[in-house]
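The primary structure of each chain is shown beneath.
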Amino acid sequence: MVANNSNPFPYEVFPTEIMIFLEQAEKTLNFPIDFLGSSILSACSVAIGNTYKVKIKEGFYTKANLYMVIVGNAGEVKSHPLSLAYAPIEKKEKESYLNYKKEIEEYDSLNDDEKKISLKPFWKKQIVKDFTPESLIKIHSNNSRGVSILSDELFGWIKNFGRYNSSSEQETYLSFWNGGSISVDRKSDEPIRLDNTYVNIIGTVQTKLLSELTKNNRGDNGFIDRFLFAFNQNPKPVLWNNENINKESIEYYNFLIQRLFSLEFNNFNSNIICFSPEANELLIKWQNQSRRDCFNDPIKTGILAKYEVYVARFSLIIQLMHWALNNKSNNKIELFAVENAIKLIEYYTVNAIIINNKINNINPLEELTINKKELYNSLDSNFTTVQALKQAAFYKINERALFRFLKNRTLFKKEKQGLYSKQLII
């Protein structure tokens, strides 16, 4: 179909050291910035865990957990960026396991009387890959900070919903997304109740399998709407080279994750962080304008209903990333964090619309009137308002209709005042 311009991942939201890390990984390892940048956001979310909640307004709080999908064709380097981003967490996981093995050996060496007055050690696991719904809750109960589902082939995980029992797993993950409470009654053991859940999800999906994600009511109950899609819109051949990523960049990234893990989880209660007045004003302004722009489009409205919460979550993650590396505050969310969170959510919103169109086999251009379609095709990849007005007049489209047309986020992106770009359509 039409490919006029890309929707670049706004990696400038990261601290400078992480921006350099992304650039080097792209240059030396052929890792798309979209994929590695999204994986880093997910890894940072895992490191933060339940330590912080952001207060949107009285009675309305949200955490930093993300549901992320990396979408691409076979051979598009999807899994390796995910592995690189999660490497420091995997290292922490390995160290935790070795420590657990040592503790369990010491426990097993005790006599029966000593065991009666000793607590049996458990593994405080952070990452889950192959699990049953019951075991996931058990693992989470042992780690109240939070857990992350890491799936190299996310479709395989989703396809197994209902494999182990007849309960509705989709509803469980809807609850996890909200950070709500959950309980499970177990026949062979004590029941478990979690009042402060934190579940992160990230995995890869091949482009050809996207339509499978919406089967079994997943496209109607809001399950898919909760996912963020990382999509490399300008794939390039993966060519080998002799260059190596700078070790210092990897060390900066490892330090970032370690610093986020250092955030204290006092008495299992999340720290509450609020928006500064300027940040809150921008958040409200953006939300209200976005709602107006997509009011008559049910698909975009459905996406925005979940993504507007992600703006708050991204604001929290960005603020704490810059706290970790740039000594920014960890007591409030500042204006810069919301500005950058909006950049991220606009990137993921365009991707969500593209993925939705692909799943439903929709070509947005076919829905346009003839004169608007001709206007769209006549515009350059990047154009000014003056140029658009001139072309619109040629196709007999008045100024008011033109500006409504330019608000179509599937087709256009406003780069800055008076300057637009055409979006990539798949």
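Every value quoted in this text rests on a predicted model; they were computed, and no experiment measured them.

(A) Local environment of the overall build of the protein chain. Looking only at helices and strands, the protein chain has 14 helices and 14 strands in total. Rg of the C-alpha trace for the protein chain: 23 Å, near the compact-globule value of 22 Å for 426 residues, within the 12% margin. Expressed along its principal axes, the backbone C-alpha trace of the protein chain runs to roughly 90 × 50 × 50 Å. Buried residues in the protein chain amount to 50% of all 426 residues.

(B) Structural view of the sheet that holds strand S9 (residues 228-231). With respect to topology, five strands assemble into an open sheet ordered S4-S5-S8-S3-S9, the strand pairing being parallel. Strand pairing shows two members of the sheet lacking a second neighbour, strand S4 (127-128) and S9, which therefore form its edges. Bridge count between strand S3 (residues 67-72) and strand S8 (residues 199-206): six bridges; the pairing is parallel. Note that in S8 the partner of Gly72 across the bridge is Gln206. Running at roughly 150° to S8, helix H3 (residues 79-108) makes contact with S3, S4, strand S5 (147-151) and S8 of the sheet. The strands touched by helix H11 (residues 335-359) are S3 and S9; relative to S9, the strand with the most contacts, the crossing angle is about 85°.

(C) Broad picture of unusual backbone geometry. Residue Val77 is not a glycine yet carries a positive backbone phi of 55°. Along the polypeptide, Val77 turns up in the loop between S3 and H3. For Lys396, which is not a glycine, the phi torsion comes out positive at approximately 60°. When you line up the elements, Lys396 lands in the loop between helix H13 (385-394) and helix H14 (399-406).

(D) Representation of the packing of helix H2 (residues 33-48) against helix H10 (residues 298-326) within the structure. The geometry of H2 relative to H10 is characterised by a closest axis approach of 10 Å and an angle of 80° between their N-to-C directions. Considered as vectors, H2 and H10 are oriented roughly perpendicular to each other. Along its contact with H2, which presents Leu41, Cys44, Ser45 and Ile48, the element H10 presents Phe314, Ile317, Leu320 and Met321. Across the contact of H2 with H10, the residue classes break down as seven nonpolar, one polar and no charged.

(E) View of the pairing of S9. In S9, alternate side chains face the same way, and those of Leu228 and Ala230 on one face and Phe229 and Phe231 on the other are all buried. Both S3 and S9 contribute to a ladder of four bridges, which runs parallel. Looking at S9, one finds that Met68 is bridged to Leu228.

(F) Structural context of the sheet that holds strand S13 (residues 412-416). Spatially, three strands are ordered S12-S14-S13 in an open sheet, and the strand pairing comes out antiparallel. Looking along the sheet, the strands with just one partner apiece sit at the ends: strand S12 (382-384) and S13. Strand-to-strand, the axes of this sheet are offset by a mean angle of 30°, without reference to chain direction. Pairing between S12 and strand S14 (residues 419-422): three bridges, direction antiparallel. Counted as the bridge partner of Thr384 is Leu419 from S14.

(G) Looking closely at the side chain of Lys63. Position of Lys63 relative to the elements: it lies in the loop between strand S2 (60-62) and S3. Although Lys63 is buried, it forms no salt bridge, and the closest oppositely charged side chain is Asp195 at an N-O distance of 10 Å. A polar side-chain atom of Lys63 sits 2.6 Å from the main-chain carbonyl oxygen of Thr197. In this structure, Lys63 is in contact with Asn50, Tyr52, Lys53, Gly179, Asn196, Thr197, Tyr198, Arg313 and Leu316, ignoring residues within four places of it in sequence.

(H) Expanded view of the pairing of S8. When you tally the buried positions in S8, you get eight out of eight residues, the bulk of the element. Bridge count for S5 against S8 is five bridges, and the pairing is parallel. Bridging from a neighbouring strand, Ser148 pairs with Asn200 of S8.

(I) How the structure looks around H10. With 29 residues, H10 extends 40 Å between its outermost C-alpha atoms, agreeing within 8% with the 42 Å of an ideal straight helix rising 1.5 Å per residue. Where H10 bends most, at Ala305, the angle is about 35°. Burial within H10 is extensive, with 24 of its 29 residues counted as buried. Remark: Asn327 follows H10 within two positions and exhibits a positive phi of approximately 60°.

(J) Representation of the packing of aromatic side chains in the model. Per the stated rule, a full pass over the model turns up 18 aromatic pairs. An aromatic cluster of at least three residues, connected via ring pairs, comprises Phe9, Phe14, Trp177, Tyr307, Tyr310, Phe314, Tyr347 and Tyr348. The aromatic ring of Tyr376 is capped on one face by Lys422, whose charged end is 4.4 Å from the ring centroid.

Conventions adopted
Residues numbered from 1 in each chain as written. Predicted model: local features only at pLDDT ≥ 70, side-chain atom pairs only at ≥ 80, totals over all residues. Heavy atoms only, no water. Helix = DSSP H or I, 4+ residues; strand = E, 2+ residues; numbered from the N terminus. Rg over C-alpha atoms; globule rule 2.2 N^0.38 Å. Buried < 20%, exposed > 50% of the residue type's maximum accessible area, 1.4 Å probe, protein only. Pairing = 2+ DSSP bridges. Contact = heavy atoms within 4.5 Å. Axes fitted to C-alpha atoms, helices over the stretch in contact; angles between N-to-C directions. Parallel < 35°, antiparallel > 145°, perpendicular 65-115°, else oblique. Nonpolar A, V, L, I, M, F, W, Y, C, P; charged D, E, K, R; others polar. Lys, Arg positive; Asp, Glu negative; His and termini not counted. Salt bridge = Lys/Arg side-chain N within 4 Å of Asp/Glu carboxyl O. Polar contact = N/O pair within 3.5 Å; in protein donor to acceptor, adjacent residues only side chain to side chain. Expected span 1.5 Å × (residues − 1). Bend = angle between axes of the 7 residues up to and from the residue. Phe/Tyr/Trp six-rings, centres within 6.5 Å; stacked < 30°, edge-to-face > 60°. Lys NZ or Arg CZ within 6 Å of the ring centre and 35° of its normal.

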